[in-house]
Structures are given as C-alpha cells and as structure tokens.
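Below are the chains, spelled out letter by letter.
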Amino acid sequence: MSLRKISSALISVFHKDGLEPIVREMDRLGIKIYSTGGTQEFIEGLGISVIPVEELTGYPSILGGRVKTLHPKIFGGILYRRDEQGDLDAVKQFDIPAIDCVIVDLYPFEKTVASGASHEDIIEKIDIGGISLIRGTAKNYNDVIIVPSQREYADLLAILKERNGETELSDRRAFAKAAFEVSSHYDSKIYNYFLGEELGSLRVTESQFEVLRYGENPHQRGVFYGDMSALFDKLNGKELSYNNLLDVDAAVHLIDEFKNDAPTFAILKHNNACGIATRPTVLEAYEAALACDPVSAFGGVLISNVPIDHATSLKIHELFCEVVIAPDFDKEGMAVMQTKVNRILLKRKETPLPTTQVRTLLNGVLFQDKDARTETIEDFKLATNASASPEQLRDLVFANKLVKHTKSNTIVFAKNEKLCASGTGQTSRVDALRQAIEKAQSFGFDLKGAVMASDAFFPFPDCVELADKAGVNAVVQPGGSIKDQASVDYCNAHNIAMYMTGTRHFKH
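In this report, the structure presented in the accompanying data block is examined. Everything numeric in this text was worked out from a predicted model, so none of it was measured.

About the criteria used
- Residues numbered from 1 in each chain as written.
- Predicted model: local features only at pLDDT ≥ 70, side-chain atom pairs only at ≥ 80, totals over all residues.
- Heavy atoms only, no water.
- Helix = DSSP H or I, 4+ residues; strand = E, 2+ residues; numbered from the N terminus.
- Rg over C-alpha atoms; globule rule 2.2 N^0.38 Å.
- Buried < 20%, exposed > 50% of the residue type's maximum accessible area, 1.4 Å probe, protein only.
- Pairing = 2+ DSSP bridges.
- Phe/Tyr/Trp six-rings, centres within 6.5 Å; stacked < 30°, edge-to-face > 60°.
- Core = buried A, V, L, I, M, F, W, Y, C linked by side-chain atoms within 4.5 Å.
- Contact = heavy atoms within 4.5 Å.
- Expected span 1.5 Å × (residues − 1).
- Arc of directions from axis to C-beta.
- Patch = residues over 30% accessible without salt bridge, like charges linked within 9 Å, V, L, I, M, F, W, Y side chains within 5 Å.
- Areas by Shrake-Rupley, 256 points an atom, 1.4 Å probe, with all protein chains shown as cover.
- Salt bridge = Lys/Arg side-chain N within 4 Å of Asp/Glu carboxyl O.
- Axes fitted to C-alpha atoms, helices over the stretch in contact; angles between N-to-C directions.
- Parallel < 35°, antiparallel > 145°, perpendicular 65-115°, else oblique.
- Nonpolar A, V, L, I, M, F, W, Y, C, P; charged D, E, K, R; others polar.

This next bit is on the overall build of the chain. Secondary structure summary: the chain contains 18 helices and 23 strands in total. Over its C-alpha atoms the chain spans a radius of gyration of 31 Å, topping by over 25% the 23 Å that the globule rule assigns to 508 residues. Dimensions of the chain, computed from C-alpha atoms along their principal axes, come out at roughly 95 × 55 × 40 Å. Classification of the 508 residues of the chain by burial places 46% in the buried group.

Next up, the structure:
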C-alpha cells in the first residue's frame, strides 16, 4: 500500500518557530506524540499531551544531552518495514511501538561557525541524534515521513489539515529527498570546517537557489545557487539573468579595487570595463566613465563605490542600462530611475565574498584562490633609467587594477585616473595593444602622457615600441620574460619609464 496514516510522531527540534500549528493539528487527529527536552516542554506548555522519550527507552538523557534518542526502541520504531513479517515479529517481540512521522532539525552548526564561536562551542553544535533520525527516517520513506527542517512545515501542515495525516508514497519520497539534502549539506559544512585552508576533497553545497529565465543563451537552462539577498537589496527591475549575474560579479570585484578611493564609477559590458574613472564627485566620475566608450555603455552594468546622488541619477536615467549598483541611492533620484520598470537597481550590502573560485572543466572541477593581490606603488620596481611622475604613478596603479579584471590577453591605457582604452581577450599581446590604440583613437583620446598596463610580460619589445609611437611614456608590467631586457633597452633608448611588479594577472 502506498497510503500511510500518521498515528504517532516523534518531535525533537532546536527551533520551535512554526511548530505550534502542527502540534495542534496532531492533537486534533489524536496522533500520539513523543518528544525530548525543550521540545517536550514547549508542547506541554501548549496544554497538549506528550510522552517523554525516556518513558519509551527506559533511559534518561545522558552525557549532557549528547545521547537522547539513540536507542533501539526509537530507531526500531522508525526503521521497521511495515510489510516485512520478520520486522513485524521483531518489533512485537521487543515491544517497540511504531513511529510514523519524525519532525527534527539540526543544531545550528553553520551559524555557530559564522558567529566566531570557540572551537569547543562549534564541536558541541555537531548534531548526532538529529542527523541519525533524519537519515534513518528518510531511508524508510516507504513507511515513515521525515520532516527535516522548518521549510517542510507548511507541506506537513497541509497533509494534516486536508488529508487528516494520510500520506502518499510520493509525499514521503519528496520529504526524504529534502532530508538527504539537509543531511548532505550539514555534513559538507562540518567537513569544510575541519578542512580549513587545507586542500582536500571538494565539497560545494548551497541550499538556496533561484531558477533563471535561461542560461547564457535561451536554449540553455540556468540556475543561481546562493543567497543574493545577502549581497543586495533589489530596489527595482526585472529578475537578474545569467548574463546579468556574470556582469554584476565582474563589476563588484572591479569596484572593490577602489573601495577606499575617491568616487569611482565603472561601466561594464561582457565582464570587461568599457569605462571607469575616479573623480572628486560621483557625477564627475560617471560622466568621465561614460565618455570612455559611450557606444559600449549602452545596455551595460553600472557600479559606483559611493552612494549615487540625485544629479547623477538624472544623468544615468538618460542612458539605457541593464543594472545600476551602489552602496545607496538618493531617494528622489532613485524614484526617477525606477520609472524604467525593467532597470535593475541593486543596493549593495557589506557582505564578505568568497575567497576561492570553482569552475567545471572537462570531466572535473578546477579550484583556485581568487586573485586577491593588488599592487601599490611600493610594489613597483623601476626597471629603467627614466621614472614616472607622481601623476603617472597614480595612473599606473589605476591601470594595473583594471588590467587585473580584464580578459587576457589585455592591455590597458589610462590617463588622469580614467580608462582611455583597453585591448581585451586577444590571442596575442601585440594584438591587444593594437586594439587598444585603435579604440582610443576612434574616440579621439590623446595618448600622449598616458600610461600602459599589461596583465603579463612582454615577450618582445614590439609592444613598448608601438605604445611609444602612440604617445605612452610610462608602463607597468609583471616582467619575467627571458627577453625583458630587450623591452628595457628600448625604453631606456626612448626615455620611457617602465616598472615591474613580479605578479601576473591572467584572467581567462
């Protein structure tokens, strides 16, 4: 038979929120309730009859509460197969009552770790009885229903109210699936805690997810796994798409390079900055960023490192853009931007981002630390006779931050803390350089006095030669080529300042 009637239930939960309606419905249906400790007290406080598990097992809670439900009379009542004669004989012989429903949750291990608690407190939040009840009940879903978290309360309450506690096999299987999701997530978090910063078996787990309209293209499925609300308050607009999310991720990581700087505004398209500038005010920063490439800015993702004021909001409103991100928005200006109902406005929260990256590849997964290194002037090693002016050094730092967040191979030109042009995603460095020169010239930018940054070393002196002829006279690059000296020699012969950082910033 696929139908099973709930006649008895074991309830043992850490969180009591939402439990009262379920207990009252069980009481209405005459369901026998077993419980433990604080849950037992909670149910008794509602004036509802409850049987302590100690009466069932004949043992008290021992070892400071570490052992309460780990007993054959509990697990026997859960695990015995209702259509297996041998099991029926065993439970009769040992006087084991049936348990048809188990409501249990787990100690808040994740929250305890996140709180910065001591190792001892964290260890005490590793649940033993609860996880065993979840797995045991889920295994026997053919006969017993498991409620492994508060997320399933509404569904169980509907079964109690609408079907008087009668469950279908499909119900029990769905609850079992939820149970194994809970248990696997929990165990993964414990493993990752013990793993710490070491490298070991990979366990990636995320319970929250959002199904997207589609993936990178309409014929592909797409899902975001994570809690977007922890990062942003969404103030307006349609749902974020797969491609929006890629651009938002790129925008957030780029602007974080300027977190403590003067107002900085960036415009991104296809994960690369098409405009970015630092200025005394956010309005000036936006206008300078837009001037970098007003063509590519159309339909882009905009981000600011400071709140967006009213004047800047009005200017942004003139541009068609997909997403605008900022720490805050002027209320009147935001109201204007909200008149375009599809424009996505995201107010960013102070939430730490992961420090590692995971990427599927071939029949496996690549894992790496994020590129968290950002060079300062102190990291720049002068390799030439000529040196840069203080203004050029400032621009070199600016350009080097950009090059780190631009698709390789890449070259970035900057001047007066503003992107002039970049060559992105080219198969050779010299092609990236030519692309950047052509783009700068197409928008009428004078590269005389501009600086150049490269994400990797120059294999030949042709790059510095082309940059020199375009007007560039200060360069920063990682160095490390066996032909570094050829580029240095060219710079010395043409009065160009070159700095080396020793750090490559490939981005693929």
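On we go from here.
The next thing to look at is the sheet that holds strand β6 (residues 145-147). Strand order in this open sheet of five strands is β4-β3-β2-β5-β6, and the pairing throughout is parallel. Sheet topology places β4 (51-52) and β6 at the edges, where each strand pairs with a single neighbour. Relative to strand β3 (residues 32-35), strand β2 (residues 8-12) runs parallel, the two being bridged by four bridges. Within the sheet, the bridge partner assigned to serine 8 lies in β3 and is lysine 32.

All right, on to the sheet that holds strand β19 (residues 411-414) then. Within the open sheet, the six strands sit side by side as β18-β23-β22-β21-β19-β20. Their pairing is mixed. Of all strands in the sheet, those with a lone pairing partner are β18 (381-382) and β20 (419-423), marking the two edges. In terms of strand pairing, β19 meets β20 through four bridges, oriented antiparallel. In the strand pairing of β20, isoleucine 411 is matched with glycine 423.

Turning our attention to the packing of aromatic side chains. With the rule as written, the count across this model stands at nine aromatic pairs. Seen from their ring centres, phenylalanine 14 and tyrosine 107 are 5.9 Å apart, and the 75° between their planes marks the pair as edge-to-face. Here the residue phenylalanine 14 occupies a position in the loop between β2 and α1 (20-28), and tyrosine 107 occupies one in the loop between β5 (101-104) and α6 (109-114), the gap between them amounting to 93 residues. For the pair phenylalanine 380 and tyrosine 499, a centre-to-centre distance of 6.0 Å together with 45° between the ring planes defines the contact as tilted.

Turning next to the nonpolar core. Grouped together as the largest cluster of nonpolar side chains are 48 residues, with contacts concentrated most on Ile11, Met26, Ile103 and Leu156. When residues no more than four places from it in sequence are discounted, the contact partners of leucine 156 are Ile6, Ile22, Met26, Ile103, Val147 and Phe175. Membership of the second largest hydrophobic core comes to 41 residues, among which are Leu245, Leu254, Ile303 and Leu346.

So, about helix α16 (residues 429-442). The terminal C-alpha atoms of α16, which comprises 14 residues, lie 20 Å apart, in line with the 20 Å expected from a rise of 1.5 Å per residue. Listed as buried for α16 are Arg429, Val430, Ala432, Leu433, Ala436, Ile437 and Ala440. Buried residues along α16 cover an arc of 155° about the axis, so they all sit on one side. Every exposed residue of α16 that faces more than 90 degrees away from the buried side is listed here: Glu438 and Ser442. Buried residues belonging to α16 abut β19, β20, β21 (451-454) and α17 (462-470). Two residues or fewer past α16, glycine 444 is found with a positive phi of approximately 75°.

A grouping of Leu199, Leu202, Val204, Val358, Val365 and Phe367 is seen on the molecular surface, where their side chains present a nonpolar patch of about 580 Å² in accessible area. Mapped onto the elements, leucine 202 comes out in the loop between α10 (169-195) and β8 (209-211).

A few words on the packing of α16 against α17. Taken N-terminus to C-terminus, the directions of α16 and α17 make an angle of 10°; their axes are 9 Å apart at the nearest point. Judged by the angle between their axes, α16 and α17 are roughly parallel. Only Asp462, Cys463, Leu466, Ala467 and Ala470 of α17 make contact with α16, whose side of the interface consists of Arg429, Val430, Leu433, Arg434 and Ile437. Classifying every residue of the contact of α16 with α17 gives seven nonpolar, no polar and three charged.

Moving on, we get to the environment of leucine 231. With respect to the element layout, leucine 231 can be found in the loop between β9 (223-225) and β10 (232-236). Placed 121 residues apart in sequence, leucine 231 and proline 352 show a C-alpha to C-alpha distance of 8.5 Å. Ignoring any residue separated from it by four or fewer positions in sequence, one finds leucine 231 in contact with Lys347, Arg348, Lys349, Thr351 and Leu353.

Further remarks concern the pairing of β5. Because side chains alternate across β5, one face comprises the buried residues Cys101 and Ile103, and the other comprises Val102 and Val104, equally buried. Looking at chain direction, β2 and β5 are connected through four bridges and run parallel. Counterpart to serine 12 in the pairing with β5 is valine 104. Bridge count for β5 against β6 is three bridges, and the pairing is parallel.

A few words on the pattern of salt bridges. Inspection of every chain in the model, using the stated rule, returns 21 salt bridges. A salt bridge links glutamate 20 to arginine 24, with the nearest nitrogen and oxygen atoms 2.9 Å apart. In this pair, glutamate 20 and arginine 24 both sit in helix α1, four residues apart, roughly one turn of the helix. Residue classification places glutamate 20 among the partly exposed residues on the basis of a relative accessible area of 33%. Taken together, the shared-partner salt bridges connect Arg394, Asp395 and Glu417 into one network.

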